[in-house]
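Take a look at the letters that make up each chain.
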Amino acid sequence: MNIYIRPEYEVVRDENRCIACRVCERQCANEVHRFDPETGRMIAESDKCVNCHRCVCLCPTHALKIVKSDDTYKTNANWDNQTINEVYKQANSGGVLLSSMGNPKPYPVFWDKMLINASQVTNPPIDPLREPMETQLWLGRRSAAIERDEKGRLKNTLAPQLKLNVPILFSAMSYGSISYNAHESLARAAEELGTYYNTGEGGLHKDFYKYGKNTIVQVASGRFGVFEGYLESAAAIEIKMGQGAKPGIGGHLPGAKISADVSETRMIPQGVDAISPAPHHDIYSIEDLRQLVYSLKEATAYKKPVIVKIAAVHNIAAIASGIARSGADVIAIDGYRGGTGAAPTRIRDNVGIPIELALAEVDQRLRDEGIRDDVSILVGGSIRSSADVVKAIALGADACYIGTAALLALGCHLCRTCHAGRCNWGIATQRPDLVKRLNPDIGYKRLVNLVTAWNHEIQEMMGGMGINSIEALRGNRLMLRGLGLNEAELRILGIKYAGESM
Amino acid sequence: MKRIYVNEKWCLGCHLCEYECAFANSGLDDIVKALKGKPVYPRVTVEDCGEVHFAVNCRHCSDAVCVRSCISGALSKGDDGVVRIDREKCVGCLTCVLVCPYGAVMPAPDGHAAMKCQLCTDNGFGEPNCVKHCPNNAIVFEERAEVRA
Amino acid sequence: MLLREGQFRNPSGCAVTGVIDRSGKGMTGEGMIEAISVMHDRSNGLGGGYAGYGIYPHYKDFYAFHLFYETRAAKEQTEAFIARHFEIVYSSEIQTRRIPTVTDEPEIFRYFLAPLPRKLANSHLDEREYVARCVIRVNSEIDGAYVFSSGKNMGIFKGVGFPEDIGRFYRLEEYEGYAWTCHGRYPTNTPGWWGGAHPFGLLDFSVVHNGEISSYDANRRYIEMFGYRCTLQTDTEVITYIIDYLVRKRGLTLSETAHVIAASFWTTIGQKDAAAREQETLLRRMFPSLLVTGPFSIILGYEGGLMALGDRLKLRSTVCAERGDIAYIASEESAIRRIAPDLDRVWSPAGGEPVVFELYGKEGRAQ
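Criteria and cut-off values
Residues numbered from 1 in each chain as written. Chains lettered and ligands numbered in written order. Predicted model: local features only at pLDDT ≥ 70, side-chain atom pairs only at ≥ 80, totals over all residues. Helix = DSSP H or I, 4+ residues; strand = E, 2+ residues; numbered from the N terminus. Rg over C-alpha atoms; globule rule 2.2 N^0.38 Å. Contact = placed C-beta atoms within 7 Å. Pairing = 2+ DSSP bridges. Axes fitted to C-alpha atoms, helices over the stretch in contact; angles between N-to-C directions. Domains from an automatic or database assignment. Nonpolar A, V, L, I, M, F, W, Y, C, P; charged D, E, K, R; others polar. Buried ≥ 20, exposed ≤ 12 C-beta atoms within 10 Å, placed from the backbone. Core = buried A, V, L, I, M, F, W, Y, C linked by C-beta atoms within 7 Å. Parallel < 35°, antiparallel > 145°, perpendicular 65-115°, else oblique. Left-handed = near helix turned anticlockwise from the far one by under 90°.

**Description of the overall build of chain A**
At step 1: Across its full length, chain A carries 15 helices and 21 strands.
At step 2: Since a compact globule built from 502 residues should have a radius of gyration of about 23 Å, the 24 Å found for chain A is in line with a globular shape.
At step 3: Here the C-alpha coordinates of chain A stretch approximately 90 × 55 × 45 Å along the principal axes.
At step 4: Looking at chain A alone, contacts between residues at least 24 apart form 69% of all its contacts between residues at least 6 apart.

Below you can see the structure in the form of structure tokens.
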């Protein structure tokens, strides 16, 4: 027991409203709430609370709230409560601090410093309720030779591409880190939306092969669950080189989350930590990547696009250029705000760069080198709204991966405790009693709703700009203006300051 | 007819339905006022056994034993298929409580009559309140093939 | 200080018109001047210009460069550059007429050129690519010099002023060609630079355009991957480069090019017959970044023909008409009626539907 650390959040119960129905007690996997038969009242132990809001949401009388504790150490702008607590925690345990979900630190959010254009007078806005407004696109290599058949018609010389009805895909989240029901929700939503979900590095559960045409399967350094049938089942294959939340290290799935089913899907023993190597041990250089790309293409008869996913790091543009020349069809870039089921806190909070800057650099570099058409660019790592999607595409992305937003749609309240495996919302857990809390009938519908809503908003914003195809927005940086950005940021983003003319 | 069905696969055993039922049938418009500090008499009960949970309420059987066994004619099946109990006619013999194979009829709090789920047609809610508040769609109100009982 | 064309993006409204005698008979530029004058209110005196085809029959095998010079130094530097890359067959100042409303004109020169054979061979480039690169180099590297016309047996004449005044300034009644296009400009800024007027041309392609495209930066950043430099930052310039890239460099037909620039909506493509569906889908999948959105109506001039093309929502008007061998295209029917009151046929093409008028006997575009 660590006597030093006081809980950061407190459970506050309105005794005038609590009817002691004990729903909170039954719903808390962290065992915060307890009924005291002597007094007939509920008791809460705040130090167990992770602030996931399950009890708050389910309390029928709205008697609960979680508040940030006003218990504080002597105020210190340098040594804030959390920093001090982390020192206590490590002094207590001797271990690396673990965290989940994306970097929560108050770094600048460049999405919020870019503004979108609209048409006035010289050019009409287009009304998406009355005119076609295309958000359909194809992902993959576009450069291809012009060849004609004997009748003079163009031959299809294109490499395989992925067709998307919306410029949004669900990013890689492995079975193991998230639950069966979360995966089912994502798969069914991707199918209904005409887009894709991504298995992450945990293999593909046998029940989900039927969603193959909407599935991107991942091959990561741990090679969990990778075999011929897995590759063949998918619409595309993603090589995971890195992840925005933890650039430079591999995935980590705590043994507690490796159930029988997860063990079978991953092809690893039950209950033992699954720790992916930091590098792929067959890729120590760019030419090695090319070999893996082509091995995967050979294995699947050149019928599927290959995506290479990397974390946004300092030398991102040069790395992306190398990937574009490695035979990959799509580059996925994950920003430093990207989520995770478990990452060392220090890495999550201090390694990598913002996706906005990484994207702008990569898109420009690939154009400077004349190879932008050789690859599509997917970005993720905290795409929070349809406006972020529009800005990302205007900067040069082909489409966006959403992970955290998708989990929020499923009920996640960003308590950032996925690594504990006791997710009260049935998402980041393998405990059957908790997994069943996420009914995929509800979950998939909420995902469909979210993406449909975003797509409507994207269409509204496109229409305002007078653009009726998402493809005419891609890389259209004149549609963006910066606000509160310095010269270097404007230069890297390749945009003008608000108020500057066209 | 539309009935309430429970899918055990999604029932979490949170017991919210019981409280929402008791509130719906309390005649009060505030859940705290209705339930705070009072014994709760729901018409739906969640059966728990280890990891299995199941909310049980009246099936509104096509040929309902409770209706057939009622000695005072208080229980009847309406044209809409809903099995209802007339409190004025009920003499409180509780035969129906004994014969219901599901345990879905229970003594009313006053002890002078029986009570059962009437799909919230007898209160101001109009639609089953347990269904509306089930957080996991475990309790649904829908049309399915006839149930024999 | 006001920025000049190329230092900022300058959207503008406009009037366009074009005429072609498909039998190849010559017409003077007078008809175009007459036609565009009807649409006076669609211009605001800040730009007008013409492209004439078949106007240099005696020099038809040579690239006709028209240049604006702002300084003597620019002229010397450019002529030295030209001499290093071309044989100069003939050069002279372009004859103009004083018009009170046309002022501040630069020096305007014309050169008939043939690439130096050794230089061309050493460049390992196709002749047209060689010439195009020379044009792009002069325009992007020599301050105060601007090549505004570079095709064979065709010429562009443009400047700051109302188009009818510009036509008289250049004495277009003295030129005879089988096809003409004309442009009156309504820019929303006042740069007053002659190079910024339209038509815009590269080799024998000339484009006049009315509209303001919303896809501009997507198109520009894409096309610049292939060696083009959008120095003027105008829609017309980028559209010209797109057409040059697709037709000359990639070998697409004009109709295929139209299906890239003004692609049908996916839903429309889905309703077409299998062959068309397959071809148009393929074009959209190969060249999505060359889709042009927002309002535009263009007339493309090229050796032997004219093509009219409007955006897929038809946000800008285009009228086509025929009378015997002669075909007309204009922003407004009134402009056509002014010079040809009796017409065999008048119609408004659908959005995204290309209308091509070519000399008889010409099958598709000569490469």
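**Section: the environment of Leu113 of chain C**
Residues and elements named next belong to chain C.
At step 1: For Leu113, the location among the structural elements is in strand β6 (residues 107-115).
At step 2: The sequence separation of Leu113 and Leu254 amounts to 141 residues, and the corresponding C-alpha distance is 27 Å.
At step 3: Setting aside anything within four residues of it in sequence, one finds Leu113 in contact with Phe62, Tyr63, Phe65, Ile82, Phe86, Glu87, Ile88 and Val89.

**What about the sheet that holds strand β9 (residues 168-170) of chain A?**
Within a sheet, neighbouring strands are paired by backbone hydrogen bonds and run either parallel or antiparallel to one another.
Residue and element names in this part refer to chain A.
At step 1: Pairing is parallel in the open sheet, where eight strands are placed in the order β9-β19-β18-β16-β15-β12-β11-β10. Only two strands of the sheet have a single neighbouring strand rather than two, namely β9 and β10 (197-198).
At step 2: Where strand β16 (residues 330-334) lies against strand β18 (residues 376-380), five bridges are found, and the strand directions are parallel. Bridging across to β18, Asp334 finds its partner in Gly380.
At step 3: Each of β11 (215-219), β12 (236-240) and β15 (306-311) is contacted by helix α7 (residues 286-299), which is oriented at about 145 degrees to β15, the strand it contacts most.

**A look at the domain arrangement of chain B**
Residues and elements named next belong to chain B.
At step 1: Taken domain by domain, chain B consists of domain 1 (1-57 + 124-142) and domain 2 (61-116).
At step 2: Measuring from the centre of the C-alpha atoms in domain 1 to the corresponding centre in domain 2 gives 19 Å.
At step 3: If you look at the interface, domain 1 gives five residues, while domain 2 gives eight residues.
At step 4: Classifying every residue of the side of domain 1 that touches domain 2 gives three nonpolar, one polar and one charged.

**Digging into helix α8 (residues 254-261) of chain C**
Residues and elements named next belong to chain C.
At step 1: Counting buried positions along α8 gives seven out of eight residues, so the element sits mostly inside the fold.
At step 2: Turning to α8, its buried residues are Leu254, Glu256, Thr257, Ala258, His259, Val260 and Ile261.
At step 3: In this structure, the buried side of α8 is in contact with α7 (235-249), α10 (274-286), β14 (305-310) and β18 (355-358).

**Here's the deal with the interface of chain B and chain A**
At step 1: Listed as interface residues are 17 residues of chain B and, on the opposing side, 16 residues of chain A.
At step 2: Looking at the side of chain B that touches chain A, the elements with two or more residues in it are α1 (16-24) and α2 (31-35) of chain B.
At step 3: Residues that form the side of chain B that touches chain A fall into these classes: nine nonpolar, four polar and four charged.

**A look at the domain arrangement of chain A**
Residues and elements named next belong to chain A.
At step 1: Domain boundaries assigned for chain A yield domain 1 (9-95) and domain 2 (137-142 + 164-471).
At step 2: On a C-alpha basis, the centroid separation for the pair domain 1 and domain 2 is 33 Å.
At step 3: Contacts between domain 1 and domain 2 engage nine residues on the former and seven residues on the latter.

**Details of the interface of chain C and chain A**
At step 1: On the side of chain A, 37 residues touch chain C, which itself brings 32 residues to the contact.
At step 2: In terms of residue count, the dominant contributor to the side of chain C that touches chain A is helix α6 (residues 216-223) of chain C (five residues).
At step 3: When its residues are assigned to classes, the side of chain C that touches chain A shows 16 nonpolar, 10 polar and six charged.

**Some remarks on the nonpolar core**
Residue and element names in this part refer to chain A.
At step 1: In terms of nonpolar packing, the biggest core is built from 305 residues, with Ile331, Ile333 and Leu359 touching the most fellow members.
At step 2: Considering each element in turn, this core owes the most residues, nine residues, to helix α14 (residues 440-465).
At step 3: With near-sequence residues (within four places) excluded, Ile331 lies in contact with Val308, Ala320, Ile323, Ala324, Val375 and Ile377.

**Concerning the packing of α6 of chain C against α7 of chain C**
Residues and elements named next belong to chain C.
At step 1: At their nearest, the axes of α6 and α7 sit 10 Å apart, and the two run at 45 degrees to each other. One element, α6, and the other, α7, form an angle in the oblique class. Between α6 and α7 lies a crossing of left-handed hand. Where α6 abuts α7, its residues Tyr216, Asn219, Arg220 and Ile223 lie against Asp235, Val238, Tyr241, Ile242 and Tyr245.
At step 2: Here the contact of α6 with α7 is composed, by residue class, of six nonpolar, one polar and two charged.

**Digging into the sheet that holds strand β21 (residues 496-497) of chain A**
Residue and element names in this part refer to chain A.
At step 1: Taken together, three strands build an open sheet; the order of strands is β6-β20-β21 and the sheet is mixed. Sheet topology places β6 (114-116) and β21 at the edges, where each strand pairs with a single neighbour.
At step 2: Bridge count for β6 against strand β20 (residues 480-482) is three bridges, and the pairing is antiparallel. What sits directly across from Met114, in β20, is Gly482.

**Describing unusual backbone geometry**
At step 1: With an omega of 15 degrees, the peptide bond between His198 of chain C and Pro199 of chain C qualifies as cis.
At step 2: Along the chain, Pro199 of chain C turns up in the loop between β10 (179-187) and β11 (200-202).
At step 3: Unusually for a residue other than glycine, Tyr302 of chain A sits at a positive phi of about 55 degrees.
At step 4: Looking at the element boundaries, Tyr302 of chain A is found in the loop between α7 and β15.
At step 5: We classify Tyr302 of chain A as partly exposed; it has 13 C-beta atoms within 10 Å.
At step 6: Phi angles above zero are rare outside glycine, and Gln233 of chain C is one such case at about 55 degrees.
At step 7: Looking at the secondary structure, you find Gln233 of chain C in the loop between α6 and α7.
At step 8: Among the residues examined, Gln233 of chain C registers 20 C-beta atoms within 10 Å and is labelled buried.

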